[in-house]
Amino acid sequence: MKTEQPLEGKILTPTFLICGLIFLISLIFMGKRFIYGLGAVTNMNDGYPWGLWIAFDVVIGTALGCGGYAMALLVYVFNKGEYHSLVRPALMTSLFGYTLAGVAVVLDVGRYWQLYNIFLPWHMNASSVLLEVALCVGAYVAVLWIEFSPTFLTKFGADNAKAFMNKIMFVFIALGILLPTMHQSSLGTVMVITGSKLSPLWWTRLLPVLFLISCIFLGYAIVVVESSLTGSRFPIHDESKLLGKISGIMAWLIAIYLVIRFADLGMRGHLDLAFKGDLLGNMFLLENLLLIVPMAVLFVPANRKNQRAMFLCAVSIVLAAAVYRFNTYIIGFDPGNGWHYFPSTGEIFISLGIVSLEIMAFLYFIKRLPIYRRS
Amino acid sequence: MKIKRRDFLKGLAGSAVLAMAPPAIAASSEKNRLPDALGILYDATLCVGCQACMVACKKANNMPMEFSGSQRQWDNPVDLSSKTLNIIKEYENGTAKVKDREIDGYAFIKRQCMHCVDPACVSACPATAMTKDPKTGIVSYNKDACIGCRYCAVACPFDIPKFEWDNPFPKIVKCQLCNHLVAKGQIAACASGCPTGASIFGPVKDLLIEAERRQTMIPGKYYEFPVAEVSSTKKEVHKVKQYIPYIYGKNDGGGTQTFMMAAVPFNKLGLPTLPDRSYAAMAENIQHTLYKGMILPIVVFGGLIFLVKRSEKNKKE
Amino acid sequence: MKDLNFTDPVNEKLKGVSRRDFMKFCGIMAASMGLPLGAGAKIAEAITTAKRRPPVIWLHGQECTGCTESLLRTSHPTIEHLILDLISLDYHETLEVGAGHQAEAALKKSVKDNAGKFVLVVEGSVPVKDGGVYCMIAGRPFGEIVKEVAAKAAAIIAIGSCATWGGWQSSDPNPTGATGIPEFLNGTTVVSIPGCPPNGYNFLSTVAYLLTFKKLPALDALGRPKFAYGRLIHENCERRPHFDAGRFAEQFGDEGHRLGYCLYKLGCKGPMTRNNCPVLHYCDVGAWPVNTGRPCFGCSEEGIGFTIPLFTEADIENVTPSSVHAPIQTTRGGGISKGAAALLGGIGGAAIGAGAVAAKRLGDKDKGDNS
């Protein structure tokens, strides 16, 4: 079939119910956070004021939500209409990733009742990188919901509204490409100001470039993972040919990224740190090996026809991008003065709860909304 | 189907080049010292570790007690925190027999907000909760603007802004150079509490002159040092030690308004080694290059509208 | 202590003093010198069984006689008299009955008869300028007398700051050239007991030690007994916790002063002065300058007392820092809790499991496609 349709099926599957249970338990930890403060639930401290929620839920979470952005680049900027069938699922993943990143932000900030301050012009600090990230992400969440609205409107049969949305959609599609370019690169710039506290293995003035390129190939990787996973369990249209092409693009992007990464590290004279054998050196090697191996595999055309190979390579790339962001925000960050950080049970559970909610929403959406093409 | 390499590279090269644009393109955001800036000069060689400055600070700012050491009879924090705005720390090496000696010696260091010339916290805060006074240069915090994101704490190279982790309605806490006392014409409590003149308050340009004067002193001889304020007539006579020939804070990280002098290398005392250009300026530079006047984003947006419309047209055909 | 055998002559000497008080006194002396248990008994025995009273010659130079007065100003005059009876005080210008030629004759006789056996105690400094004309006794410069008598002495004790290093007369411009005895008798071992005045017990303990063990107590590089002058006053001061916690009296009579806070800001020289005043106290009433609210001015320390102005703050040198200062670096935070490890393990396991299942399914699909 050439159009998207709900996949139907039971909602209350074991996976769904388990996720629901995890989410409910996480609500208890969230309650504790609001009643007793951040210190009661998290291990964040004065040396590591940002922890799992920022590094994982916000930075990695939004990066994982770059599927929509990456596909939009292909379809609209490079004019490759053939990838259109992958856009809607990617858009949905982006929707979840970004919306729940917003939830994580509300949980993480200390003075959440004043969070709207950053939207008030007289409070905005134009020099702040984080302001730009916050405003762009906020705007992008709105754009995503608008971009996704035709899917809802189809389900409710609101054809006139749908037609209107489609007419003005080009504005939001353009925004949906501009905004992530801005804020995903700026998520890299956020860490530039921490120069003296970030290991030279990760600190560079090219952080915005590296974050941007990595979020693009991460976006493609997420599309491959998500499509493969759904395809392995649900009767969706076989997109493996498209996935193969995307895998090729990914491989090239990774190559460019690695060249910039290593050239920059070499020019700054810190290549030796990678081979010191300590935690930082090993994390750096891990992060890049998780890219080099799949890149090499995917450069072989036969592998781009093998679904299993593509899936595993994509998983590796997703992990690599996640590890890169963990390294930049937490592991490579050392404020000195003897501080250490590792997320607490409460912190992990809350993140887990948010992810579980995401999985539940994902399962519900693909079964009740026209996201995928049926086989 | 092969991806047109041209299209592919075109799309990416543009953004990569722009992001790597050399600093010369953007207007410099280097900040200069304010002429009437106020600050503190701390001289580790005059400090006797009496901690009177910590007591005075807690009193003047109504800070609570903090017990994080092994003794619980009196306030003895191990670091700055949401309860401690100013702390004296002690460096020890080997047998720690002689004061202000690096090997087998000990020394004291005062840690407090440095009130930087180009503060990272002011640059970082998205809600303008951290502001630098345009006249005195004192960096202060406004809890009514703050959203509690803690980017200021992440950004500060000296790890000064501290957060109230145990409070469900938390604030950021840091030294504000007793601006509530300065407004009344008084001086910072730590300086007025210091018996030896190790911490003195005053206009930054006078403090720098005093710091340079001390750099010219001959070790072993007795000199007069002002107590509490740089312009004070009350003086203490001290025997001068061999200073490290460097005034910490003069240029570090773009410069600060709190200067440190010591006889033990500053990195051993826990002070970070920073380049003369502040990281805040570097980050702002990137932002301004890309987003000044929002010109680039608007241009790109225009280009994207064109591309999207074209692709939609192609889809229809 | 129980075995002490008091013979009759001693009983006479001990008239008016209970055995208990006497043993207590010897015990106190032993304790203040840091001697082991049992030494008190040894001292008591030495004092009471001495066959012949060792002769002591006490010379006075440029002094105020405060050291002698301090010695006598205890609340047990009976004991002091006893001690003075146990030694043969052959020459003491303040205490002796005779005067003039009689006194000088006694001095000459004692030195001749007891050559090599007597203890010389010197109180006061020697003027060296202008031929020593600033202190003449019986027509002779004091320095000359000291040299003559010291040559024949078995042991020399310089009591008080004046005798030890010149005292207040030696302050700039030192018009008389006041010199301490150790410096004056360059090369000879002199036990110094500085102070202005020194604690009477420091002197008494030194003499008792000498009588008991027939040798001098451990001395530091300046000839001062280590048991009394081994530590800075700052190390034993009861107000030290106030110093460490930053509580200071800012002015005489202010709240801090009345609360008994540290007197460092008022110029206390405790951090630069070696003595045992905070431990021993004076006048048997437990008083010493600091605990009456008066900062120490370093009376026993050369270069400090009568040299550095009263309200100039002391240098803190070579003092072991207190143990409660925050170190430069403290290890905090982190630590992987069991719950966190379990959760992460669980999540990792689940993810790997799900991934493996998906990979297998995809692999099967591939095989299906290829076949």
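Look a little higher up for the structure.
A brief structural summary.

Some details on a nonpolar patch on the surface
Item 1. A cluster of nonpolar side chains, Leu21(A), Ile25(A) and Ile28(A), forms an exposed patch at the surface whose accessible area comes to about 290 Å².
Item 2. Relative to the helices and strands, Ile28(A) is located in helix α1 (residues 14–36).

Considerations on the sheet that holds strand β2 (residues 88–92) of chain C
All names here are of chain C.
Item 1. Strand order in this open sheet of 5 strands is β2-β1-β3-β7-β9, and the pairing throughout is parallel. The outermost strands of the open sheet, each flanked by one partner alone, are β2 and β9 (191–193). Strand after strand, the sheet turns through a mean of 20° between neighbouring axes, direction not considered.
Item 2. Of the pairings in the sheet, the one linking strand β7 (residues 155–159) to β9 comprises 3 bridges and is parallel in character.

Structural notes on the packing of aromatic side chains
Item 1. Enumeration according to the criterion identifies 35 aromatic pairs over all chains in this entry.
Item 2. Ring centres of Tyr48(A) and Tyr341(A) lie 5.9 Å apart, and the angle between their planes is 25°; on these two criteria the pair is classed as stacked. Taken together, the residues span a long stretch of sequence, with Tyr48(A) in the loop between α2 (38–41) and α3 (52–64) and Tyr341(A) in the loop between β2 (339–340) and α12 (345–368) at a distance of 293 residues. Taken as a pair, Tyr48(A) and Tyr341(A) share a single burial class, namely buried.
Item 3. Residues Phe96(A) and Phe365(A) carry aromatic rings whose centres are separated by 5.0 Å and whose planes lie at 65° to one another, so their mutual orientation is edge-to-face. Of the two residues, Phe96(A) is situated in helix α5 (residues 84–108) and Phe365(A) in helix α12; the sequence distance between them amounts to 269 residues. For the pair shown, Phe96(A) and Phe365(A) are each scored as buried.
Item 4. Grouping aromatic residues by their ring pairs yields a cluster made of Trp50(A), Phe211(A), Phe217(A), Tyr257(A), Tyr324(A), Tyr329(A) and Tyr151(B).

Section: the interface of chain A and chain C
Item 1. Each partner contributes to the interface: chain A provides 26 residues, whereas chain C provides 25 residues.
Item 2. Together, the buried faces of chain A and chain C total about 2100 Å²; carbon and sulfur atoms form 61% of this surface.
Item 3. On the chain A side of the interface with chain C, the three residues burying the most area are Gln307(A), Asn337(A) and Phe342(A), jointly 26% of the side's total.
Item 4. On inspection of chain A and its partner chain C, the count reaches 0 salt bridges.
Item 5. Counting every contact that joins chain A to chain C gives 6 residue pairs in polar contact (both at pLDDT 80 or more).
Item 6. Only α8 (207–233), α11 (307–331), β2 and α12 of chain A provide two or more residues apiece to the side of chain A that touches chain C.
Item 7. A total of 5 residues in the side of chain A that touches chain C trace back to one element, the largest contributor, which is α8(A).
Item 8. Pairing between β2(A) and strand β11 (residues 332–333) of chain C: 2 bridges, direction parallel. Paired with Trp339(A) across the bridge in β11(C) is Arg332(C).

Cut-offs and rules
- Residues numbered from 1 in each chain as written.
- Chains lettered and ligands numbered in written order.
- Predicted model: local features only at pLDDT ≥ 70, side-chain atom pairs only at ≥ 80, totals over all residues.
- Heavy atoms only, no water.
- Patch = residues over 30% accessible without salt bridge, like charges linked within 9 Å, V, L, I, M, F, W, Y side chains within 5 Å.
- Areas by Shrake-Rupley, 256 points an atom, 1.4 Å probe, with all protein chains shown as cover.
- Salt bridge = Lys/Arg side-chain N within 4 Å of Asp/Glu carboxyl O.
- Helix = DSSP H or I, 4+ residues; strand = E, 2+ residues; numbered from the N terminus.
- Pairing = 2+ DSSP bridges.
- Axes fitted to C-alpha atoms, helices over the stretch in contact; angles between N-to-C directions.
- Phe/Tyr/Trp six-rings, centres within 6.5 Å; stacked < 30°, edge-to-face > 60°.
- Buried < 20%, exposed > 50% of the residue type's maximum accessible area, 1.4 Å probe, protein only.
- Contact = heavy atoms within 4.5 Å.
- Buried area = accessible area lost by both parts, 1.4 Å probe.
- Polar contact = N/O pair within 3.5 Å; in protein donor to acceptor, adjacent residues only side chain to side chain.

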